[in-house]
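Chain by chain, the residues:
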Amino acid sequence: MASRGLYAKPVILNLVSFLKLLDNYHESDAMYRYLILPIFNLPQIEIIKITHLASKKSWTLLVNIHPGIRSIISNVTVTIRGEGNKDPEFLRVLQHDPLKKGQAFNLINYNDANDLLFQHAANLGYFDAIMIQNKIYVDLRNNTVTIASQFDTGMRYRFGPTLFSVTPLNQKFLQKYLAYKEGENYSNSLVSQTQNNL
């Protein structure tokens, strides 16, 4: 369950592309994915030329990349929509956002920040949460990055009736071990607490 969707994450795909290039720099698909990273800021026409040359087995392509000055985060705006917008328990996640103004921009931290929103939403029962907008604005003149995200939590689910499998134990007796009550807001921590109780 922990690895579900792991290999679909952008940071993993980027890493796999990089490793493929180390093994064989004729890998045009891997070369393309690597060159479109925002840090390189290459024009599309140049990327096409490079990947075209890389795909020709008769060519040896050596690319010297000078990353230059790292871009600094000038502003981070995360707008929360849906029921989570007024939920203090959910809004606390923003205090742990790994993206901070004044820090050097890091793609891994950027992806972690997005994952953190979805994980926190799922832990609190916002199972229909979606990312409406997720943009990075790069100012090449000033070497700064502005991040703007809009996250819609949707509605928060609540606990319904809890049904136990067939057991010799009395159902009312088992109900005493529930850490939640029917109708309360869903919380993954309460589910875990109930499992421990049982």
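Described below are features of the structure shown in this document. (Residues numbered from 1 in each chain as written. Predicted model: local features only at pLDDT ≥ 70, side-chain atom pairs only at ≥ 80, totals over all residues. Heavy atoms only, no water.)

Describing the overall build of the protein chain
Of regular secondary structure, the protein chain possesses seven helices and three strands. Helices (α) and strands (β) of the protein chain occur, in sequence order from the N terminus, as α-α-α-β-α-α-β-β-α-α. The 198 residues of the protein chain split such that 26% are buried. A separation threshold of at least 6 residues defines the contact pool for the protein chain, and within that pool the share at least 24 residues apart is 57%. As displayed, the protein chain offers around 13400 Å² of accessible surface, 55% of which is attributable to carbon and sulfur atoms. (Helix = DSSP H or I, 4+ residues; strand = E, 2+ residues; numbered from the N terminus. Buried < 20%, exposed > 50% of the residue type's maximum accessible area, 1.4 Å probe, protein only. Contact = heavy atoms within 4.5 Å. Areas by Shrake-Rupley, 256 points an atom, 1.4 Å probe, with all protein chains shown as cover.)

What to know about the packing of aromatic side chains
Applying the stated criterion across every chain, the model contains seven aromatic pairs. Pairing phenylalanine 90 with phenylalanine 151 gives two aromatic rings, centres 6.1 Å apart and planes at 5 degrees, and the pair type is stacked. One end of the pair, phenylalanine 90, is in helix H4 (residues 88-91); the other, phenylalanine 151, is in strand S3 (residues 144-152), and 61 residues separate them in sequence. Accessibility classification places phenylalanine 90 together with phenylalanine 151 in one group, the buried group. Joined through ring pairs, the aromatic side chains of Phe90, Phe118, Tyr126 and Phe151 make up one cluster. (Phe/Tyr/Trp six-rings, centres within 6.5 Å; stacked < 30°, edge-to-face > 60°.)

Re helix H5 (residues 107-123)
Between its terminal C-alpha atoms H5 stretches 24 Å, which fits the 24 Å expected from 17 residues at 1.5 Å a residue. Within H5, the full set of buried residues consists of Tyr110, Asn111, Ala113, Asn114, Leu117, His120 and Ala121. With its phi angle positive at about 90 degrees, glycine 125 sits one or two positions after the end of H5. (Expected span 1.5 Å × (residues − 1).)

Side note on the pairing of strand S2 (residues 130-139)
Summarising the sheet, S2 and S3 pair through nine bridges and their orientation is antiparallel. Each bridged residue has a counterpart across the sheet, and for isoleucine 136 the counterpart in S3 is isoleucine 147. (Pairing = 2+ DSSP bridges.)

Here we look at the sheet that holds strand S1 (residues 72-81)
Pairing between the strands of a sheet comes from backbone hydrogen bonds, and it takes one of two forms, parallel or antiparallel. With mixed pairing, three strands are arranged side by side in an open sheet as S1-S3-S2. Taken across any chain shown, the strands that pair with only one partner, and hence form the sheet edges, are S1 and S2. Each adjacent strand pair in this sheet contributes to an overall mean axis angle of 10 degrees, direction not counted. Its contacts with the sheet put H5 on S1, S2 and S3, and the angle it makes with S2 is roughly 165 degrees. (Axes fitted to C-alpha atoms, helices over the stretch in contact; angles between N-to-C directions.)

Some remarks on the side chain of aspartate 97
Mapped onto the elements of the fold, aspartate 97 is located in the loop between H4 and H5. Although aspartate 97 is buried, it makes no salt bridge; lysine 100 carries the closest opposite charge, 6.2 Å away. At 2.9 Å, the side chain of aspartate 97 and the backbone nitrogen of leucine 99 are in polar contact. If near-sequence neighbours (up to four positions away) are discounted, aspartate 97 is found in contact with Val76, Val78, Ala113 and Leu116. (Lys, Arg positive; Asp, Glu negative; His and termini not counted. Salt bridge = Lys/Arg side-chain N within 4 Å of Asp/Glu carboxyl O. Polar contact = N/O pair within 3.5 Å; in protein donor to acceptor, adjacent residues only side chain to side chain.)

Side note on a nonpolar patch on the surface
The grouping of Leu15, Phe18, Leu19 and Leu22 at the surface amounts to a nonpolar patch, some 380 Å² of accessible area in total. With respect to the secondary-structure elements, leucine 22 resides in helix H1 (residues 10-23). Since its relative accessible area comes to 58%, leucine 22 is described here as exposed. (Patch = residues over 30% accessible without salt bridge, like charges linked within 9 Å, V, L, I, M, F, W, Y side chains within 5 Å.)

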